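So the chains spell out like this:
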Amino acid sequence: MYAEERQQEILQTVEHEGRVSVSALAQRFAVATETIRRDLDTLSSLGLLTRVHGGAIPSRSDEEPDLPTRLSTNTAAKRRIALAASAFLPSGTKPTVLVDAGSTTTELVPHLADRGLRIVTNALPVAEAALALGTVDIEILPGSVRGLTHAAVGVDTVRALSRIHPDVAFIGCNGMGPDGITTPDPDEAATKSAMVRAASRCIVVADSSKAGQRQLVTFAELGEIDVLVSDTSLSDAHVSLFEDNGIEVVRA
């Protein structure tokens, strides 16, 4: 096996398992531990994983992109994800849909028209886009607005979420893997956790670039999520990980 092939398999193993050891990898690939250390150093230098004592963990970037950057990244995939996610919108008499802040959740808004929905959101862009539809009731959650994501977060937001019971929540994230669904900011994580607890059904919408990423705070364990809607680049290994934890996975 060439070094590049071995390194690719190592990277896939790290993303799937969350942590790998030098000794286990050396045994798996039947090479010296020093060879594995060089492989891990190479992958670390490329920013593809993080070296820790005795092994490696997935890379984590705490530099959170702002909303305009997110809105212009992977746009086609996010639109496909939003369309596929719209199949999970509830029907009935005035169902309540909780929509999280984020670029992918914002792409969901055009699919909310003419459905008789009540929309609850902590995201100013989602509220503004939904208002333009003219066919939905909109409620904005209270809280302090983060300039980076234009999302209301904090104690007041969490308190308001504890008092409502939406039929379904569509939630974005910055990372997803064995450690659960993650995001860099503690206040935003607390808000997302409250959304997960509040909703009868929880749907994560996230493009495949978030798979294998682990951010600072886990706001939901995998078992707390009902559906993940991602794109066709989501690996089979990640699909298996999520499905093994009871998540319905849709690749759009």
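Data block above holds the structure.
One structure accompanies this document, and this report is about it. Keep in mind the model is a prediction, meaning the values are calculated, not measured. (Residues numbered from 1 in each chain as written. Predicted model: local features only at pLDDT ≥ 70, side-chain atom pairs only at ≥ 80, totals over all residues. Heavy atoms only, no water.)

**Side note on the packing of helix α2 (residues 22-29) against helix α3 (residues 33-45)**
- In contact at an axis separation of 9 Å, α2 and α3 are set at 110° when each is read in the N-to-C sense. One finds that α2 runs roughly perpendicular with respect to α3. When the axes of α2 and α3 are compared, the crossing they make is right-handed. Between α2, through Val22, Leu25, Ala26 and Phe29, and α3, the contact on the second element is made entirely by Thr33, Ile36, Arg37 and Leu40. (Axes fitted to C-alpha atoms, helices over the stretch in contact; angles between N-to-C directions. Helix = DSSP H or I, 4+ residues; strand = E, 2+ residues; numbered from the N terminus. Parallel < 35°, antiparallel > 145°, perpendicular 65-115°, else oblique. Left-handed = near helix turned anticlockwise from the far one by under 90°. Contact = heavy atoms within 4.5 Å.)

**Some thoughts on unusual backbone geometry**
- Look at Asp114: it is not a glycine, yet its phi comes out positive at around 60°.
- Within the secondary structure, Asp114 is located in the loop between α6 (103-108) and β5 (118-121).
- Taking the relative accessible area as the measure of exposure, Asp114 reaches 65% and is therefore exposed.
- With a phi close to 60°, His150 is a non-glycine residue in the positive phi region.
- Structurally, His150 is set in the loop between β7 (144-146) and β8 (151-153).
- For His150, a relative accessible area of 33% translates into the label partly exposed. (Buried < 20%, exposed > 50% of the residue type's maximum accessible area, 1.4 Å probe, protein only.)

**A closer look at the sheet that holds strand β2 (residues 49-52)**
- The strand order β1-β3-β2 describes an open sheet built from three strands, whose pairing is antiparallel. Either end of the sheet is taken by a strand with one partner, and the two such strands are β1 (20-21) and β2.
- Bridging between β1 and strand β3 (residues 55-58) involves two bridges; their strand directions are antiparallel. Across the sheet, the residue bridging to Val20 is Ala56, located in β3.
- Those strands touched by α3 are β2 and β3, and its axis lies near 130° from that of β2. (Pairing = 2+ DSSP bridges.)

**Notes on the layout of surface pockets**
- What the second largest pocket holds in volume is close to 200 Å³.
- Lining the second largest pocket are 15 residues, with Glu15, Ser208, Ala211, Gly212 and His238 positioned closest to its centre.
- Residues that form the lining of the second largest pocket fall into these classes: five nonpolar, nine polar and one charged. (1 Å grid on protein atoms, 1.4 Å probe; cavity = no way out; pocket = protein on both sides within 12 Å on 5 of 7 lines; lining within 4 Å. Points joined across faces, edges and corners; volume = space filled by probe spheres on them. Nonpolar A, V, L, I, M, F, W, Y, C, P; charged D, E, K, R; others polar.)

**Here we look at the pattern of salt bridges**
- All told, the structure shown has 15 salt bridges when counted by the stated rule.
- Residues joined in a network through salt bridges with shared partners are Arg146, Asp185 and Glu188. (Salt bridge = Lys/Arg side-chain N within 4 Å of Asp/Glu carboxyl O.)

**A closer look at a nonpolar patch on the surface**
- The grouping of Leu124, Ile140 and Val145 at the surface amounts to a nonpolar patch, some 250 Å² of accessible area in total.
- Tracing the backbone through its elements, the reader meets Val145 in strand β7. (Patch = residues over 30% accessible without salt bridge, like charges linked within 9 Å, V, L, I, M, F, W, Y side chains within 5 Å. Areas by Shrake-Rupley, 256 points an atom, 1.4 Å probe, with all protein chains shown as cover.)

**Observations regarding the environment of Ala56**
- Checked against the element boundaries, Ala56 lands in strand β3.
- Taking the C-alpha atoms as reference points, Ala56 and Glu17, 39 residues apart in sequence, are found 11 Å from one another.
- When sequence neighbours within four positions are dropped, the list of residues in contact with Ala56 reads Gly18, Arg19, Val20, Leu40, Leu49, Thr50 and Arg51.

**Notes on the nonpolar core**
- Counting 30 residues, the largest nonpolar core has Met176, Ile181, Phe219, Leu234 and Phe242 as the members making the most contacts within it.
- Going through the elements one at a time, α8 (155-161), β9 (168-171), α9 (186-198), β12 (202-205), β13 (217-220) and α10 (236-244) are the ones with two or more residues in this core.
- Broken down by element, this core gets its largest block of residues, four residues, from α9.
- Counting residues in hydrophobic clusters, the runner-up holds 28 residues, among them Val99, Ala101, Val227 and Val229. (Core = buried A, V, L, I, M, F, W, Y, C linked by side-chain atoms within 4.5 Å.)

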